[in-house]
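Results of the structural survey
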Amino acid sequence: MADAGDSLKTLAEVVAETAPAELVADGFLTVVSAIADGAKHVSGLTRRAGLAGMLGDTGEVNVQGEIVQVLDAAGTDAFVTSLRDCGVVAALACEELEDAVFVSDAADHPYIVLFDPVDGSNNIDVAVTIGSIFAVYRRSDDSAVTETSLLRPGREQCAAVYFVYGSSTVMVVATEGRVDGFTLEPTSGEFLHSHDQIQIPSQCAAYSVNEGNQSKWFPGMQAAVADLRAEYGLRYVGSLVADFHRDLLKGGIFLYPGDVKSPGGKLRLGYEANPLCFVAEQAGGAGTTGTERILDVQPKLLHQRTPLIVGNADVVERVVAKLAE
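The shown structure was predicted, so the numbers you read here are calculated from the model rather than taken from an experiment.

Quick word on helix α3 (residues 28-47)
With 20 residues, α3 extends 28 Å from end C-alpha to end C-alpha; this agrees with the ideal 28 Å at 1.5 Å per step. For α3, the set of buried residues is F28, V31, V32, A34, I35, A36, G38, A39, V42, S43, L45 and T46.

Brief notes about helix α1 (residues 11-18)
Taken together, the buried positions of α1 are occupied by L11, V14 and V15. Here the buried residues of α1 occupy an arc of 100° about the axis, which is enough to place them on one side.

So, the sheet that holds strand β12 (residues 233-234)
Reading across from one edge, β12-β11-β13-β17-β15 is the order of the 5 strands in this open sheet, with mixed pairing throughout. In the strand order of this sheet, the two ends are held by β12 and β15 (285-288), each with one partner. Inspection of the sheet shows β15 paired to strand β17 (residues 308-312) by 4 bridges, in the antiparallel sense. Its bridge partner being in β17, A286 is matched across the sheet by G311. Contacts from helix α5 (residues 219-231) reach β11 (206-208), β13 (253-256) and β17 within the one sheet, and its direction differs from that of β13 by about 155°.

Looking at unusual backbone geometry
In this model, A127 sits at a positive phi of 60°, which is unusual for a non-glycine residue. Within the secondary structure layout, A127 lies in the loop between β5 (111-119) and β6 (130-138). Take A127: its relative accessible area is 71%, and that puts it in the exposed class.

A closer look at the environment of P299
By the secondary structure assignment, P299 is in the loop between β15 and β16 (305-306). On the basis of relative accessible area, P299 is assigned to the buried category, the value being 10%. Between the C-alpha atoms of P299 and L269, which are 30 residues apart in sequence, the distance is 7.7 Å. The contact partners of P299, leaving out residues within four places of it in the chain, are L151, R152, P153, L269 and Q304.

Description of the pairing of β5
The buried count for β5 comes to 9 of 9 residues, which makes it a mostly enclosed element. As paired elements, strand β3 (residues 89-94) and β5 share 5 bridges and run parallel to each other. Each residue of the ladder has a partner; that of V89, found in β5, is Y111. Bridging between β5 and β6 involves 7 bridges; their strand directions are antiparallel. For I112, the partnering residue across the bridge sits in β6 and is Y137.

Thresholds applied
Residues numbered from 1 in each chain as written. Predicted model: local features only at pLDDT ≥ 70, side-chain atom pairs only at ≥ 80, totals over all residues. Heavy atoms only, no water. Helix = DSSP H or I, 4+ residues; strand = E, 2+ residues; numbered from the N terminus. Expected span 1.5 Å × (residues − 1). Buried < 20%, exposed > 50% of the residue type's maximum accessible area, 1.4 Å probe, protein only. Arc of directions from axis to C-beta. Pairing = 2+ DSSP bridges. Contact = heavy atoms within 4.5 Å. Axes fitted to C-alpha atoms, helices over the stretch in contact; angles between N-to-C directions.

Structure below.
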C-alpha cells in the first residue's frame, strides 16, 4: 500500500511555490532549509534524549539567569552552525547566547534570524512536548550589521518558523498572509506538507495560562482570567510552543502576563513573542502585551522581555478591554 506521504509536497516545493517572489529570489529557501536541518538534529536528540545524554542540565547559567539544559546547549550549537554556514544569513541572535553572532555584511547575506533553540527544555526530562522558535528578517539596507540592526519591531519580520517536537515533529512556516504546516517523515528525513493554509478556528476552544501564578497577577488580569474560566476549559502544557500550537489548530488563547514579581513579563520579545504573534496574525489571530500590539513594540534590548496574550483575535480583544477597565 502506498504511503499517504508519497503524494505530499516537500517543504522546498511549497516554499518555492508560495513564498513571496522577492524572498524566493534572495535565498529564503536556503534560510528555511538551514533551520529545518538544525531541527532535524534537535528532533533526533529529543527522541533519543535518555539514550543520547540529553537529560538534565549543564550546571551553567545563561544570560537569562536560567539553568542551561543539556539540550539547550546542543540545540544552540546545531542552529548556530546551520544558520551561520548557510551562506545567506548576515547575523543571528539566540536566547541562550549573551551576544549576537555576526556572519557577514555582504549584500548576498540579506537575512537576520532571532531564535529560541529549545523552548520548554525543562520538560524533556519528563518527555513532554518542546519546540524551537524563529523570527526571520530581511536586512533593511546594505550597511554594516550591528546589534542595533537586530532591534526591529516584529511587524518587520518577513517570516516566522516554529517546530513542535511531540508525537510527531511538526514545522510551521508563516510568511505574509499564509501559514503552512509540515510534518517530518522519519524515513526520508523530509518535511512534507501536512497542514495547508492554517487559519485559527473562529471559535475559541480553551484558554492556556499558569493558574498557579494567579496570586501574583494584577487585579485586571485576575478578573480577565476569571471571565475566561467561566466560559472555556483550561488546557495548559507549560511549554509555550505546545500550548500555542494547540491554540492555533483548535482555537484558543494563551496568556503569560506580567505580575507583581515580573511586571515586564518573562517571555522574550524577539525570540518567542514576535515570531509566534507573527504566525498568529497571518492565521487570523492577534497578539498583545495587554496594552500594545506585540508586533508594534520597538525593542530596546536584545533580550527584552514582555507580557504575552495571543490567540483568537476576538478573545484577545476581550481580555484587553477587561484589563483597561
